[in-house]
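Examination of the molecular architecture
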Amino acid sequence: MEITVQFTFRRDGSLLGRPRITYETSGATDEERIIYRTAVMQALQRCAPMPFTHGMGDAIAGRPLTIRFDDRRTPPKPREKRAWLTTTTP
């Protein structure tokens, strides 16, 4: 699943307006889309307000930023379990 979001910061580091989803993987189900949209918006909310310096706040304020979230995780490979045979002789 890939999802791209565009947003803008104010000088104080808070979000200006609402973030906008600009791209989503076409093969995703509606349920997957909702889950990823929610996760992206929660991530942005947790990061805002960003602690910008005065100079950085002046430089970034009002400029749209675009971030792509790319979740190409593959399930972990199962670990091989080795069965060690032990023999005991009487």
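Residues numbered from 1 in each chain as written. Predicted model: local features only at pLDDT ≥ 70, side-chain atom pairs only at ≥ 80, totals over all residues. Heavy atoms only, no water.

1. As for helix H1 (residues 30–47)
Counted at 1.5 Å a residue, the expected span for H1 with its 18 residues is 26 Å, and the 26 Å between its end C-alpha atoms agrees. Among the residues of H1, Arg33, Val40, Ala43 and Leu44 are the ones counted as buried. Down the axis of H1, the buried side of the element spans an arc of 100°, and every buried residue falls inside it. Exposed side of H1, more than 90 degrees from the buried face: Glu31, Ile34, Gln45 and Arg46 are the residues found there. (Helix = DSSP H or I, 4+ residues; strand = E, 2+ residues; numbered from the N terminus. Expected span 1.5 Å × (residues − 1). Buried < 20%, exposed > 50% of the residue type's maximum accessible area, 1.4 Å probe, protein only. Arc of directions from axis to C-beta.)

2. Overview of the pattern of salt bridges
Applying the stated rule across the entire model yields six salt bridges. Asp70 serves as the salt-bridge partner of Arg72, at 2.6 Å between the closest nitrogen and oxygen. Since its relative accessible area comes to 62%, Arg72 is described here as exposed. With a relative accessible area of 29%, Asp70 lands in the partly exposed category. Shared partners join several salt bridges into a network, and the residues in it are Glu2, Arg68, Asp70 and Arg72. (Salt bridge = Lys/Arg side-chain N within 4 Å of Asp/Glu carboxyl O.)

3. Structural notes on the pairing of strand S1 (residues 2–8)
Within S1, five of the seven residues are buried, which leaves it mostly tucked inside the rest of the structure. In the sheet, S1 pairs with strand S2 (residues 20–24) via four bridges, with the strands oriented antiparallel. Each residue of the ladder has a partner; that of Gln6, found in S2, is Arg20. (Pairing = 2+ DSSP bridges.)

4. As for the environment of Phe7
By the element assignment, Phe7 lies in strand S1. Here the alpha-carbon distance between Phe7 and Pro64, two residues 57 residues apart in the chain, equals 5.5 Å. If we skip the residues at most four places from it in the chain, Phe7 touches Leu15, Pro19, Leu44, Arg63, Pro64, Leu65 and Ile67. (Contact = heavy atoms within 4.5 Å.)

5. Brief notes about the environment of Met56
Tracing the chain through its elements places Met56 in helix H2 (residues 54–60). Given the relative accessible area of 40%, Met56 is considered partly exposed. Separated by 44 residues in the primary sequence, Met56 and Asp12 place their C-alpha atoms 9.7 Å from one another.

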